[in-house]
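Listed below, chain by chain, are the residues.
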Amino acid sequence: MSLEDLLFKPKNSLVMQSKHSELGATTVNGDGFGVGWYGQDDRPGLFRSIEPAWSDRNLREISAHARSRRVFAHVRASTGTALQQTNCHPFRHQSWLWMHNGMLAGFPTIKRDLAMAVDPSLYAEIEGSTDSELLFFLALTHGLVEDPPAAVARAVGFVEDVARRHGIEDAVQMTVATTDGETTWAFRYSTVRASRSLFHSTDMSVLRQQYPDNPSLHDLSDDARLVVSEPLGDLRGAWREVPESSYVAVHGASEDLQPFAPVAP
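Residues numbered from 1 in each chain as written. Predicted model: local features only at pLDDT ≥ 70, side-chain atom pairs only at ≥ 80, totals over all residues. Heavy atoms only, no water.

Participant: Whenever I open this one, the overall build of the chain confuses me. Can you help?
Facilitator: Check the secondary structure of the chain and you find eight helices and twelve strands. Per-residue burial for the chain yields a buried fraction of 53% across its 265 residues. Accessible surface, the chain: about 12,400 Å² in total, of which carbon and sulfur atoms supply 49%. (Helix = DSSP H or I, 4+ residues; strand = E, 2+ residues; numbered from the N terminus. Buried < 20%, exposed > 50% of the residue type's maximum accessible area, 1.4 Å probe, protein only. Areas by Shrake-Rupley, 256 points an atom, 1.4 Å probe, with all protein chains shown as cover.)

Participant: For this particular structure, what's the right way to read the packing of aromatic side chains?
Facilitator: Centre-to-centre distance and the angle between the planes together describe a pair of aromatic rings. The full count for this structure, using the stated rule, is seven aromatic pairs. Look at Phe187 and Tyr247: their rings are 5.2 Å apart centre to centre, the planes differ by 35°, and that puts the pair in the tilted class. Here the residue Phe187 occupies a position in strand β7 (residues 183–190), and Tyr247 occupies one in strand β11 (residues 246–251), the gap between them amounting to 60 residues. The class for Tyr247 is buried, based on a relative accessible area of 12%. (Phe/Tyr/Trp six-rings, centres within 6.5 Å; stacked < 30°, edge-to-face > 60°.)

Participant: Explanation requested: helix α4 (residues 107–116) in the structure shown.
Facilitator: Structural remark: α-helix, 3.6 residues per turn; residues separated by three or four positions point the same way. Of the positions making up α4, those classed as buried are Phe107, Ile110, Leu114 and Ala115. Viewed along the axis of α4, the buried residues span an arc of 140°, placing them on a single side of the element. Opposite the buried face of α4, at more than 90 degrees from it, the exposed residues are Arg112 and Met116. Tucked into the core, α4 has its buried residues touching β5 (96–104), α5 (120–123), α6 (131–141) and α7 (148–165). (Arc of directions from axis to C-beta. Contact = heavy atoms within 4.5 Å.)

Participant: Explain the environment of Leu226 to me, please; I cannot follow it from the model alone.
Facilitator: Counting through the fold element by element, Leu226 comes out in the loop between α8 (204–210) and β9 (227–228). In this structure Leu226 comes out as buried when scored by relative accessible area, which is 13%. The spatial distance from the C-alpha of Leu226 to the C-alpha of Arg70 is 9.6 Å, given a sequence separation of 156 residues.

Participant: Explanation requested: α6 in the structure shown.
Facilitator: With ten of eleven residues buried, α6 is to be regarded as a mostly interior element. For α6, the set of buried residues is Asp131, Ser132, Glu133, Leu134, Leu135, Phe136, Phe137, Leu138, Ala139 and Leu140. Packed against the buried residues of α6 are β4 (91–93), β5, α4, α5, α7 and β6 (172–179). One or two steps after α6, the chain reaches Gly143, where phi turns positive at roughly 100°.

Participant: Explanation requested: the sheet that holds strand β1 (residues 33–37) in the structure shown.
Facilitator: In any sheet, the strands associate via hydrogen bonds between backbone groups, in a parallel or an antiparallel arrangement. Strand order in the open sheet formed by three strands is β2-β1-β3, with antiparallel pairing between adjacent strands. What marks the edges here is a single partner per strand, and that holds for β2 (45–49) and β3 (71–75). Going from strand to strand, the sheet's axes swing by 5° on average, the running direction of each strand aside. When β1 meets β3, the two strands line up antiparallel, connected through five bridges. From the neighbouring strand, Gly36 faces β3, where its bridge partner is Phe72. (Pairing = 2+ DSSP bridges. Axes fitted to C-alpha atoms, helices over the stretch in contact; angles between N-to-C directions.)

Participant: Before we go on, may I ask you to explain the pattern of salt bridges in this structure?
Facilitator: When their charged atoms lie close together, side chains carrying opposite charge are able to pair. Here the structure, examined in full by the defined rule, presents four salt bridges. Where Glu182 meets Arg69, a salt bridge forms, and the shortest distance between an N and an O atom there is 3.8 Å. Highlighted residues: Glu182 in the loop between β6 and β7 and Arg69 in the loop between α3 (57–63) and β3, separated in sequence by 113 residues. For Glu182, a relative accessible area of 43% puts it in the partly exposed group. One salt bridge connects Asp161 with Arg165, and the closest N-O pair in it is separated by 3.2 Å. Of the two residues, Asp161 and Arg165 are both situated in helix α7; the distance of four residues between them amounts to about one turn of the helix. (Salt bridge = Lys/Arg side-chain N within 4 Å of Asp/Glu carboxyl O.)

Participant: What's the story with the nonpolar core in this structure? I'm lost.
Facilitator: Proteins that are soluble and globular tend to have nonpolar side chains buried together. With 39 residues, the main nonpolar core has Trp98, Leu114, Leu144, Met174 and Phe260 as its most contacted residues. When residues of this core are traced back to their parent elements, those giving at least two are β5, α4, α6, α7, β6, β7 and β11. Setting aside its immediate chain neighbours within four residues, Met174 contacts His100, Asn101, Leu135, Val152, Val156, Phe187, Arg188, Tyr189, Ser195 and Phe260. (Core = buried A, V, L, I, M, F, W, Y, C linked by side-chain atoms within 4.5 Å.)

Participant: What is the right way to read the sheet that holds β5 from this model?
Facilitator: If you trace the six strands from one edge of the open sheet to the other, you get β4-β5-β6-β7-β11-β12, paired in antiparallel fashion. Two strands bound the open sheet, and with one partner strand each, they are β4 and β12 (254–259). Sheet twist, expressed as the average angle between the axes of neighbouring strands with direction ignored, equals 15°. Alignment of β7 against β11, held across six bridges, turns out to be antiparallel. What sits directly across from Ala186, in β11, is Val248. Strands β4, β5 and β6 of the sheet are contacted by α6, whose axis makes an angle of about 125° with β5.

What follows is the structure, given as structure tokens:
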């Protein structure tokens, strides 16, 4: 898949969503963007900018030429932290990528407690000041590399426990996506069970049969899968919503949908 196929070509492409999001918490997501992709090496490449995605000429140039078997892309609407490249998603650790849509409530109050819980061997890699990056490193601390669903459950449970001790009851709002370059895990959860939207695509071969005249489907392989905050188009049957308090794991053409719940420390 070329980056252009994801970022620019669809009717409701990610760049279009940066200007006119239909399901997001904010309509405009103009506080920067980021793209992570895998080439020949295990370590993914990153391109991040504080420019709005719709006006960055370098993004359009790169996306027309870069191709990858797995792409992560994110447009940002800041919830209070600074507009700087190191605060743009996705975040990277070795072969892993991570991006987050949502927020940790009361983050300035709980930030110190969360940061002190990060494994010391990982702490020096934290470059920015966002709750999203800190949640990533908490998940790494809790074993993301070995067991992503369990690690995210423990990290979220820890955040909720810390927040509760500070009198913050509705701590976590998240849709999170993470990948090691081979499998992608996407989580939909919030403490109040009212999470941001999350969708995944259906079988491409079936869609081609249903829409033989739709050119946007011809360049995608049968095992192509997309996980998005909101659908990239309006083809009926093309998108399935990830249920509240659940996660989907995508590996090749296989998809595994499972319930998700935080694990308290």
